[in-house]
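# Residue-level structure breakdown
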Amino acid sequence: MRSLRPLLACVLLGFVAACQSEPPLRVAAALRASPELGTERPVDIALLPVEDATVARSFGVLELRLRQALVKQLADRLYSPLAPDHVDRRLRETGKLATGSPVDPAWLGGVRGSFEEDAVLGVRLTHWDVSKIMETRRVQFAVEVLMLGAKSGATLWSGRMEGSAKAGGEGPAPLGREQRIESAVDVVADALARELPVRAGR
C-alpha cells in the first residue's frame, strides 16, 4: 500500500500557499482628495473620536484602537496628528464631544479650528461584521471619512471605503478571536490611510 504521506504533504503545502496568496484586502474605495489638500498642505491634523454607526453598535471598544492606528498611519504619511487627549479635552470644553457625527459637514465645520489644527478629520464606521473571523480570517467593514481645512472649511479628503480585510494582513492571522479582530482593525486603518496622499512639503 502506498504511503499517504506525500499526498498529505502536497495537500498541506497547497493549503498554506492558498492562505499566503489570499489578498489581505478586498475593497471598493470611493475616496477623493481635493485640489485644496495640495494647496493648503495641512500638517497638524485633529483626528476626532471614531463614530460607531453600525446597526448593532458592534464596533464598540475597537473605536479607540482604530483611532490609535490611524494616528500612527497619519504620522507615517508625514502628517502630525494631534494628541487624542488634547482633541477630546477641547471637544469637552466646547460642549460638542458627543453631539453630532464627525462626517456631517455642518457639525464638523462647527468644531473646526477648535484644536489649533490645520485640518480636522472625522471617521465613521457604518458596518463591522466579525461573524466569520475564525472560519475565513476576514471581517466585513464599511467606513466613511471627512477632512476639512481648519481655516478655509474646504473639504480636503472625503468618501467611503467598504469590503473585507484579512486579519494578519500579508502574514498569518493570529490564532485567537480577539487578536484576529484587533489585527483586522489595524489592516483597515492601514488601507484607509493609504488612500490619503502623503503630505507634500511646505
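Presented here is a report on the structure given in the accompanying data block. (Residues numbered from 1 in each chain as written. Predicted model: local features only at pLDDT ≥ 70, side-chain atom pairs only at ≥ 80, totals over all residues. Heavy atoms only, no water.)

### Some remarks on the pairing of strand β2 (residues 44-47)
Short version of the rule: Pairing between strands is defined by DSSP: at least two bridges between the two strands are required. What counts as a helix is a DSSP run of H or I of at least four residues, what counts as a strand is a run of E of at least two, and both are numbered from the N terminus.
Across 2 bridges, β2 lies against strand β4 (residues 80-81) in parallel orientation. Considered in β4, the bridge of I45 is made with P81. Examined bridge by bridge, β2 and strand β5 (residues 119-129) share 3 bridges and lie parallel to one another. When the bridges of β5 are listed, I45 appears paired with A119.

### Details of the pattern of salt bridges
Condition: Salt bridges are identified by distance alone: a Lys or Arg side-chain nitrogen within 4 Å of an Asp or Glu carboxyl oxygen. Exposed residues in this analysis have more than 50% of their type's maximum accessible area, buried residues have under 20%, and partly exposed residues fall in between, with area computed by a 1.4 Å probe over protein chains only.
If you walk through the whole model with that rule in mind, you get 11 salt bridges. The partner of R90 in a salt bridge is E93, with the nearest N and O atoms 2.4 Å apart. Of the two residues, R90 and E93 both sit in helix α4 (residues 84-94), 3 residues apart, roughly one turn of that helix. The class for R90 is partly exposed, based on a relative accessible area of 26%. Under the relative-accessibility criterion, E93 is labelled exposed at 52%. Two residues, R177 and E178, come together in a salt bridge whose shortest N-O distance is 3.6 Å. Among the residues examined, R177 registers a relative accessible area of 39% and is labelled partly exposed. The exposure class assigned to E178 is partly exposed, which follows from its relative accessible area of 47%. Through salt bridges that share partners, E51, R124, E144, R160 and E162 make up one connected network.

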